[in-house]
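Coordinate inspection notes
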Amino acid sequence: QGGRVAGHVWAEGTPPAPLANVAMEVHDAAGQSVCGGSTDAAGAYTTCALPAGSYRLRTGGMHGYVNEVYENVPWSTVWSSGTPVAVTTGDVTPNIDFYLAEGGYVSGTVRTIAGEPLSGGFISILDSYGSVCPDVYVNPDGTYVSPAVPPGTYDVFAGGGGAYLGGQVEGVTV
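Thresholds, definitions, all that
In this convention, every chain numbers its residues from 1, walking through the sequence in written order. Reporting of local features is limited, given that this is a predicted model, to residues whose pLDDT is at least 70; pairs of side-chain atoms are given and counted only at 80 or more, and all residues count toward the totals for whole chains, interfaces and linings. Based on all heavy atoms of the structure, the side-chain values leave hydrogens and waters out of the count. DSSP bridges decide pairing: two strands pair if at least two such bridges lie between them. The numbering of helices and of strands both runs from the N terminus, where a helix is a DSSP run of H or I of at least 4 residues and a strand a run of E of at least 2. Here's how the labels work: a residue is buried when its accessible area is under 20% of the maximum for its type, exposed when over 50%, partly exposed in between, all with a 1.4 Å probe on protein chains only. Salt bridge, as used here, is a side-chain nitrogen of Lys or Arg placed within 4 Å of a carboxyl oxygen of Asp or Glu. Here, the term disulfide refers to a pair of cysteine sulfur atoms separated by no more than 2.5 Å.

1. Considerations on the pairing of strand β13 (residues 122-126)
When a strand is regular, its side chains alternate between the sheet's two faces. Two elements, β13 and strand β14 (residues 136-137), share 2 bridges in a ladder whose sense is antiparallel. Among the inter-strand pairings, I123 is bridged to a residue of β14, identified as V136. Pairing geometry for β13 and strand β16 (residues 153-159), over 5 bridges, is antiparallel. Note that in β16 the partner of S124 across the bridge is F157.

2. So, the environment of L100
Examined against the element boundaries, L100 turns out to sit in strand β11 (residues 98-100). When its relative accessible area of 0% is taken as the criterion, L100 is described as buried.

3. Regarding unusual backbone geometry
The omega torsion of the bond from T14 to P15 falls at -5°, within 30 degrees of zero and hence cis. Counting through the fold element by element, P15 comes out in the loop between β1 (4-11) and β2 (17-18). In this structure, E71 follows Y70 across a cis peptide bond, with omega equal to 15°. Within the secondary structure, E71 sits in the loop between β7 (68-69) and β8 (73-74). Even without glycine at this site, N21 takes up a positive phi of about 60°. Summarising the element assignment, N21 is placed in the loop between β2 and β3 (23-27). Judged by relative accessible area, which is 63%, N21 ranks as exposed. Here the phi dihedral of N95 falls at roughly 60°; this positive angle occurs in a residue that is not glycine.

4. Concerning the environment of G43
By the element assignment, G43 lies in the loop between β4 (33-38) and β5 (44-46). Once the C-alpha coordinates of G43 and W75 are considered, the two residues, 32 residues apart in sequence, prove to be 19 Å apart.

5. Quick word on the pattern of salt bridges
Under the definition given, this model contains 1 salt bridge. The salt bridge involving E25 is made with R58; its shortest N-O contact spans 2.9 Å. Here E25, found in strand β3, pairs with R58, found in strand β6 (residues 53-60); they are 33 residues apart in sequence, far enough to count as distant.

6. Quick look at the sheet that holds β14
With antiparallel pairing, 4 strands are arranged side by side in an open sheet as β14-β13-β16-β17. Whereas interior strands pair on both sides, the edge strands pair on one side only; in this sheet they are β14 and β17 (167-173).

7. Here's the deal with the state of the cysteines
Under the counting rule described, the total for this entry stands at 1 disulfide. Sulfur-sulfur distance for the disulfide between C35 and C48 comes to 2.4 Å. Linking C35 and C48, the disulfide has an S-S dihedral of approximately -100° and is accordingly described as left-handed. Pair noted here: C35 is in strand β4 and C48 is in the loop between β5 and β6, with a separation of 13 residues, a long-range link. Looking at C35, the relative accessible area reads 12%, which means it is buried. Using a relative accessible area of 27% as the deciding quantity, one classes C48 as partly exposed.

In short, the description is geometric, and any link to function would need to be established separately.
Here you go:
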């Protein structure tokens, strides 16, 4: 028996619209992921049972909206800068809601110097915090699409493509 956290994930707007199938992650004080799940058709979620303590929650996934750490902290920042949520054994901590803004995407094709598509690597998209989204894996045809990112300027790094060295493009505007 533990406590739980419940809330909704909404698309920003008037009125806010519920967002279904948004991944939810719960992290303990050490930053370890302790459980996950996703929102239902009404944008609602309830976490797994958690021992009493302090946790940080964040959204995740590819859904066209910029992921956040609770409360309204861009996912690009360090997760620990989010607002801790207290959990008490036997209780549900309610109304831990997220309001996500629409974002833009970084996409492209990774190619060899000869112009051939290169698969098997990953893309890192970095802003002034050092990381905007989880690494994006390159598809077999060399293409990639990032999760939604907020408007801004980014540096895009390609790596892990077998015998090929990585490359970078700086100053990509979204």
